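Listed below are the residues making up each chain.
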Amino acid sequence: MSLQFTQLMSSTLQNYRPQLADNVTRNVPLFARLKEKNNIKLDGGRSIVTPLEYAFNDTIMSFYGSETLDTAQNDIITAAEFSWSSYNGAVSWTDDEVAENSGKSKIINLVETKIKNLEKSLMNQLSIDIFGDGTGNGGKNILGLAAIVASSPATGTLGGIDRASYDWWRNSTQASLGAWGSTTDKYGRKTVNKLFTTLTRNADKPDLLILSARDYLNLKNEFELAELLQAQTNSKVRDYGVDSFRVNGMDVIFDVNCTDGTAYMLNTDYLKLYINENMNFKMIPPMRPTNAAIEVAHLRTKMQLVPTNCKLQGAITGITAA
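All of the points below concern the structure found in this document. These numbers were taken from a predicted model, which means no experiment stands behind them. (Residues numbered from 1 in each chain as written. Predicted model: local features only at pLDDT ≥ 70, side-chain atom pairs only at ≥ 80, totals over all residues. Heavy atoms only, no water.)

With 26 residues, helix H4 (residues 104-129) ought to run about 38 Å at 1.5 Å a step, and its terminal C-alpha atoms sit 38 Å apart, in line with that. Taken residue by residue, H4 has Ile107, Leu110, Val111, Lys114, Ile115, Leu118, Glu119, Leu122, Met123, Leu126, Ser127 and Asp129 as its buried positions. (Helix = DSSP H or I, 4+ residues; strand = E, 2+ residues; numbered from the N terminus. Expected span 1.5 Å × (residues − 1). Buried < 20%, exposed > 50% of the residue type's maximum accessible area, 1.4 Å probe, protein only.)

What follows deals with helix H2 (residues 29-36). Most of H2 is tucked away: 6 of the 8 residues are buried. All buried positions along H2 are accounted for by Pro29, Leu30, Phe31, Ala32, Arg33 and Leu34.

Further remarks concern the layout of surface pockets. In this approach the atoms are scanned with a rolling probe the size of a water molecule, which exposes any empty space left behind. Here the second largest pocket defines a volume of roughly 290 Å³. Contributing to the lining of the second largest pocket are 23 residues, with Asp133, Leu143, Ala147, Thr157 and Leu158 lying nearest its centre. Element by element, the count of residues in the lining of the second largest pocket is highest for strand E3 (residues 77-83), at 3 residues. Across the lining of the second largest pocket, the residue classes tally to 7 nonpolar, 12 polar and 4 charged. (1 Å grid on protein atoms, 1.4 Å probe; cavity = no way out; pocket = protein on both sides within 12 Å on 5 of 7 lines; lining within 4 Å. Points joined across faces, edges and corners; volume = space filled by probe spheres on them. Nonpolar A, V, L, I, M, F, W, Y, C, P; charged D, E, K, R; others polar.)

What follows is about the pattern of salt bridges. All told, the structure shown has 12 salt bridges when counted by the stated rule. The partner of aspartate 207 in a salt bridge is lysine 37, with the nearest N and O atoms 3.6 Å apart. Linking aspartate 207 in the loop between helix H7 (187-199) and strand E8 (208-211) with lysine 37 in the loop between H2 and strand E1 (40-43), this pair joins segments that are 170 residues apart in sequence. The partner of aspartate 251 in a salt bridge is arginine 246, with the nearest N and O atoms 3.5 Å apart. Owing to a relative accessible area of 1%, aspartate 251 belongs among the buried residues under this scheme. For arginine 246, a relative accessible area of 22% translates into the label partly exposed. When salt bridges that share partners are traced, they join Arg33, Glu36, Lys37, Asp207, Arg246, Asp251 and Asp269 into one network. (Salt bridge = Lys/Arg side-chain N within 4 Å of Asp/Glu carboxyl O.)

Relative to the helices and strands, threonine 6 resides in helix H1 (residues 2-27). For threonine 6, a relative accessible area of 12% corresponds to the buried category. Through-space distance from the C-alpha of threonine 6 to that of proline 286 is 7.1 Å; in sequence the pair is 280 residues apart. Those residues within four positions of threonine 6 in sequence are excluded, and the remaining contacts are Trp93, Pro286 and Glu295. (Contact = heavy atoms within 4.5 Å.)

Let us look at the sheet that holds strand E7 (residues 172-175). Strand pairing in a sheet is mediated by backbone hydrogen bonds. Such pairs are either parallel or antiparallel. Ordered by their spatial adjacency, 6 strands build an open sheet running E7-E15-E11-E8-E10-E9, and the pairing between neighbours is mixed. Every interior strand has two partners, whereas the edge strands, E7 and strand E9 (244-247), have only one. Recorded for the sheet is a direction-independent mean angle of 20 degrees between the axes of neighbouring strands. Relative to strand E11 (residues 263-266), E8 runs antiparallel, the two being bridged by 3 bridges. (Pairing = 2+ DSSP bridges. Axes fitted to C-alpha atoms, helices over the stretch in contact; angles between N-to-C directions.)

Below, the structure written as structure tokens:
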């Protein structure tokens, strides 16, 4: 019976792996947006090297007739290098569990329960880590928004580039202009609009604002009073697994793992999730240790959240409730 269970678990994990990967990227709201933008990329190698466009080409000029054109060499592109972050989830079962769940239907239910729990646990951990700064678990966690869209962007190194030395590699920040949620002052609305205009460059505009549940509700209350809710327009509301509305064409969502007091205004055209093509939610077959009546299978992935333009990302800090 143990052999039957092991074979069923192995084949189910292997067959379910693509769906699990898809569920993870669809149900973490930020990853869902990146998937929609085709900004989830498979790659390989020891690290991720990505080109950065940090300046305008200054040879652009108007001219007439045979006037000499500017052909000067432009240094407009450099590169950042990011290391992979590896994640592993283990599924284990004891001989006693297998014996106590004998019978085909019970075995199938046990397999499904364990795999679904693995999926939910992986989504939950990634949902937490994408709001961190990458220093968790000894610096092995994925780079999160606290690092990429930092509250103090003029310090530290990101992708091997010193942010203290290069202002083009720093995100923007905006301190809250007052307490959010007031029916009269509307400081949330004013703060969001101010940062939005700071981050807008012609057609380049933020498209996603992520807040904590508290700050989301207070901001939503201000915009409800102004009759700017998405529900009152004919535009389509995207489903990212949470309630949402739109401001300035930007989707506003909350995430339970976003900390009260800080919000992230993102231009997701310049964010990419890289997944290692050789460790793309790879299933490691079950193994039995020599000194325990247990078998363990693993699901493993390597990934990294990578910015290609930090200047067009922004953080709102110091948000308080009215």
